[in-house]
Amino acid sequence: MLKKALHPLLHLFIPHHCAGCGSDIMSRQQVLCMHCINRLPVTGFHRHANNPIEKIFWGRMPVTAAASYLYFSKDSLLQHIVHELKYKGNKELGLFLGLKMGEALLQTQRFQHLDALVPLPLFAARQRKRGYNQASLLCKGMATILSLPVLEQTIHRRTSSETQTNKNRINRWLNMQGKFELQQPEAISGKHILLVDDVITTGATLEACGQELLTAPNTRLSIMTMAFTVK
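Quick notes on the rules
Residues numbered from 1 in each chain as written. Predicted model: local features only at pLDDT ≥ 70, side-chain atom pairs only at ≥ 80, totals over all residues. Heavy atoms only, no water. Helix = DSSP H or I, 4+ residues; strand = E, 2+ residues; numbered from the N terminus. Contact = heavy atoms within 4.5 Å. Axes fitted to C-alpha atoms, helices over the stretch in contact; angles between N-to-C directions. Parallel < 35°, antiparallel > 145°, perpendicular 65-115°, else oblique. Left-handed = near helix turned anticlockwise from the far one by under 90°. Salt bridge = Lys/Arg side-chain N within 4 Å of Asp/Glu carboxyl O. Buried < 20%, exposed > 50% of the residue type's maximum accessible area, 1.4 Å probe, protein only. Disulfide = S-S within 2.5 Å. Pairing = 2+ DSSP bridges. Core = buried A, V, L, I, M, F, W, Y, C linked by side-chain atoms within 4.5 Å. Expected span 1.5 Å × (residues − 1). Polar contact = N/O pair within 3.5 Å; in protein donor to acceptor, adjacent residues only side chain to side chain. Nonpolar A, V, L, I, M, F, W, Y, C, P; charged D, E, K, R; others polar.

Chemist: I keep staring at the side chain of Thr108 and nothing clicks. Help me out?
Modeler: Mapped onto the fold, Thr108 is located in the loop between helix 5 (91-105) and strand 2 (116-119). Among residues more than four places away in sequence, those in contact with Thr108 are His46 and Arg47.

Chemist: Help me understand the packing of helix 5 against helix 7 (residues 134-146) in this model?
Modeler: Any two packed helices are characterised by the angle at which their axes cross and by the distance between the axes. Where helix 5 meets helix 7, the axes come as close as 6 Å, and the angle between the chain directions of the two elements is 45 degrees. With respect to helix 7, the element helix 5 is oriented oblique. For the crossing formed where helix 5 meets helix 7, the hand is right-handed. For the pair helix 5 and helix 7, the contacting residues are Lys91, Gly94, Leu95, Leu97, Gly98, Leu99, Met101, Gly102, Glu103 and Leu105 in the first and Leu137, Leu138, Lys140, Gly141, Met142, Thr144, Ile145 and Leu146 in the second.

Chemist: Looking at this structure, I do not really get the pattern of salt bridges. What am I missing?
Modeler: Two side chains of opposite charge can pair, provided their charged atoms sit close to one another. Across all of its chains, the model carries six salt bridges by this definition. Glu54 is the salt-bridge partner of Arg110, the closest N and O atoms lying 2.1 Å from each other. One end of the pair, Arg110, is in the loop between helix 5 and strand 2; the other, Glu54, is in helix 3 (residues 52-56), with 56 residues separating them in the sequence. A residue is classified by how much of its surface remains accessible, and Glu54, at 10% relative accessible area, is buried. One salt bridge connects Lys100 with Glu103, and the closest N-O pair in it is separated by 3.9 Å. Taken as a pair, Lys100 and Glu103 lie in helix 5 at a separation of three residues, close to a single helical turn.

Chemist: Please clarify how the state of the cysteines should be interpreted in this entry.
Modeler: In protein structure, a disulfide is the covalent linkage between the sulfur atoms of two cysteines. The full count for this structure, using the stated rule, is zero disulfides. Free cysteine: Cys18, not disulfide-bonded; nearest cysteine sulfur from Cys36 at 3.7 Å. Of the residues examined, Cys18 reaches a relative accessible area of 5% and is grouped as buried. Counting only cysteine sulfurs, Cys33 is the nearest neighbor of Cys21, a cysteine outside any disulfide, at a range of 3.7 Å. Looking at Cys21, the relative accessible area reads 41%, which means it is partly exposed.

Chemist: Hey, could you run me through the pairing of strand 1 (residues 66-72) in this one?
Modeler: The side chains of a regular strand alternate between the sheet's two faces. Burial runs high along strand 1: six of the seven residues are buried. When strand 1 meets strand 6 (residues 220-229), the two strands line up parallel, connected through six bridges. The residue bridging Phe72 from the neighbouring strand is Thr229, located in strand 6.

Chemist: Could you clarify how one ought to interpret the nonpolar core in this entry?
Modeler: In summary, soluble globular proteins display a tendency toward joint burial of nonpolar side chains. Within the largest apolar cluster, 66 residues are counted, with the highest numbers of intra-cluster contacts made by Leu32, Met142, Leu194, Leu195 and Leu213. Each residue touching Leu213, except ones within four places of it in the same chain, is listed here: Val118, Thr154, Ile155, Leu182, Ile188, Leu195, Thr219 and Leu221.

Chemist: What am I meant to see in helix 7 here?
Modeler: Side chains that are three or four residues apart share a direction in an α-helix, a result of its 3.6 residues per turn. The first and last C-alpha atoms of helix 7 sit 18 Å apart over 13 residues, in line with the 18 Å expected at 1.5 Å per residue. The element helix 7 is extensively covered by neighbouring structure, given that 10 of its 13 residues are classed as buried. Burial in helix 7 covers these residues: Gln134, Ala135, Ser136, Leu137, Leu138, Cys139, Gly141, Met142, Ala143 and Leu146. Each element contacted by the buried residues of helix 7 is listed here: helix 4 (77-87), helix 5, strand 2, helix 6 (124-130), strand 5 (192-200) and strand 6. N-cap assignment for helix 7: the residue whose side-chain oxygen lies 3.0 Å from the backbone N of Ala135 is Asn133. A positive phi of about 55 degrees marks Ser147, the residue just after helix 7.

Chemist: Just checking my understanding: could you explain the packing of helix 4 against helix 5 for this structure?
Modeler: It is the contact of helix 4 with helix 5, at a shortest axis distance of 7 Å, that shows an interaxial angle of 120 degrees. In terms of orientation, helix 4 lies oblique with respect to helix 5. Contacts between helix 4 and helix 5 involve Ile81, Glu84 and Leu85 from the first element and Leu93, Gly94 and Leu97 from the second. Class assignment for the residues of the contact of helix 4 with helix 5 results in four nonpolar, one polar and one charged.

Chemist: Explain unusual backbone geometry here, please?
Modeler: The bulk of non-glycine residues show a negative phi, and the bulk of peptide bonds are trans. In this structure, Asp75 takes a positive phi of about 60 degrees despite not being glycine. One can find Asp75 in the loop between strand 1 and helix 4. One non-glycine residue, Asn218, lies in the positive phi region at around 60 degrees. Mapped onto the secondary structure, Asn218 falls in the loop between helix 9 (204-213) and strand 6.

Printed below as a string of structure tokens:
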């Protein structure tokens, strides 16, 4: 009873704001208000074969299924949310969005029979500076829903890479060659792995990581990202 009585006072003196719009009309258990949740631009790709994410990898890498949960565009609500996740230390956002991604995958038969989740690794120095890998947070949220292990040590990023922002598709691909190393092939051999990242643009980084994962014998690869960049 005391905790319930104190809650309005705590909210008054220590307001809890939505990571999307800044509203404080929400409980302390929420990271986004219902208004922002309802504004999230869901793609629905996870329910459809030959969707735009799968087409990215056609002729480039064997992928069992691929999807992105949301559309990403400049100056949008999602751009603000991604900035909060990657640069403002809002880890709860990563876990929450991972939960939503996991719930989406439960709605389809296309991502069944997965054995493990693999977050796209960050270069070690960048992860130390940030304090976490946002793809790992997404995986942990998804794992709560899908009841799958998260394999964070299976593959690592050998070196940092130049920014991909102003590069075309070919140069992005060249920029990522040799950047990943599979350290524990036995952990994924013969398994169906879901490679997870935050935002996909050309797919060059995911392709480089996925190709390395596929060097493990009899491994199947699927891909899921939080968002897909649209112009």
